[in-house]
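One-letter residues, chain by chain:
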Amino acid sequence: MNLLVTGGAGYIGSHTVYSLIEKGYGVVVADDLQTGHIEAVHNDAKFYCGNIQDTNFLDDLFKLEKIDAVIHFAANSLVGESMTSPIKYYENNVYGTMMLVKSMIKNNVHNLVFSSTAAVYGEPENIPIKEDDKKLPTNTYGETKLAIENMLKCVSCAHDFKFTALRYFNAAGAHKSACIGEAHKPETHLIPVVLETVKGKREFVTIFGDDYETKDGTCIRDYIHVSDLAQAHILAVEYLKNNNESNIFNLGNGVGFSVKEVIDTCRKVTGHPIPVRIEKRRTGDPAVLVASSSKAKSILGWQPEYTSPDTIVQTAWNWHKNQRYN
């Protein structure tokens, strides 16, 4: 089976490509390298540099390569930036996906695995969060992902087209080989921010709020290892190729860890004291975000392997110690 991975030079995309190749899939990567890294693309994947908003690029690619299904990661994903540049996010995320789906239908490619997000839920009403809980995004990024999900539902009703949308929580960690890992500009995710402090790239880690109604006053999040996410995408492809109906799944560990707990874990793993500074809460930060992944486990047969925060941080640190791209 040959798969097209859009955004396959990015963090989660590159790890999924590695997992696909390890399982014997043929992989074609399409990425414009706006935020991705060419160094992260597996040597055994075919690489095409281009933007998914360019229908000529997509049509040519589908004509050159026999593609059986698409895993779609290509998107802008910074929450803060999405609030200051909403048009950019609608253009890159929503319009880009529209062009991808349009080209897929034109070229008789019927199955899509879509990288969605827990940001579609906004402030949760229930913990753990289930797929049918209320969806009221509190930022533009979440709005664009929800808009795409709704578009895919409509397309699947009108065409011979099926999709799975995977809503994941806090991706973390790095490949067990330490050959690829997490690198964003700017970096906003907690674990790499803490590890940048260890490496002297930051003076301290900022904790935004220590007065939440949680066990230690800091926000609690559900961290899921990036390689476990990669496995879920492969299972989602197999689910569609077995002629199952379109579906949506949460991906998380189902266990939450506070900001302070994550920082303490980083201290233990690296052996470094990590200075912190407390600032006021950020607007729109829920106190607790934890997923229910029971649906993915029961229907897809997904079983996360890297569930310990120590293990997740250790894989991230193994990569950050000898980071090969910036």
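Cut-offs applied
Residues numbered from 1 in each chain as written. Predicted model: local features only at pLDDT ≥ 70, side-chain atom pairs only at ≥ 80, totals over all residues. Heavy atoms only, no water. Buried < 20%, exposed > 50% of the residue type's maximum accessible area, 1.4 Å probe, protein only. Helix = DSSP H or I, 4+ residues; strand = E, 2+ residues; numbered from the N terminus. Pairing = 2+ DSSP bridges. Right-handed = clockwise from strand over helix to strand, strands pointing away. Axes fitted to C-alpha atoms, helices over the stretch in contact; angles between N-to-C directions. Contact = heavy atoms within 4.5 Å.

1. Here we look at the pairing of strand β5 (residues 111-117)
Most of β5 sits out of view: seven of its seven residues are buried. Neither face of β5 is open: one carries Asn-111, Val-113, Ser-115 and Thr-117, the other Leu-112, Phe-114 and Ser-116, and all of them are buried. Sheet topology places β5 next to strand β6 (residues 162-168); seven bridges connect them, and they run parallel. What sits directly across from Ser-115, in β6, is Leu-166. With helix α5 (residues 140-158) bridging β5 and the parallel β6, this β-α-β connection has right-handed handedness.

2. Quick notes on the sheet that holds β6
Strand order in the open sheet formed by seven strands is β3-β2-β1-β4-β5-β6-β10, and the pairing between neighbours is parallel. Lying at the two open borders of the sheet, with one neighbouring strand each, are β3 (46-49) and β10 (247-251). In this sheet, adjacent strand axes meet at a mean angle of 20° when their direction is disregarded. Relative to β10, β6 is paired through five bridges, and the arrangement is parallel. Within the sheet, the bridge partner assigned to Leu-166 lies in β10 and is Phe-249. The sheet strands contacting helix α2 (residues 55-64) are β1 (2-6), β2 (26-31), β3 and β4 (69-72), and the helix crosses β3 at an angle near 160°.

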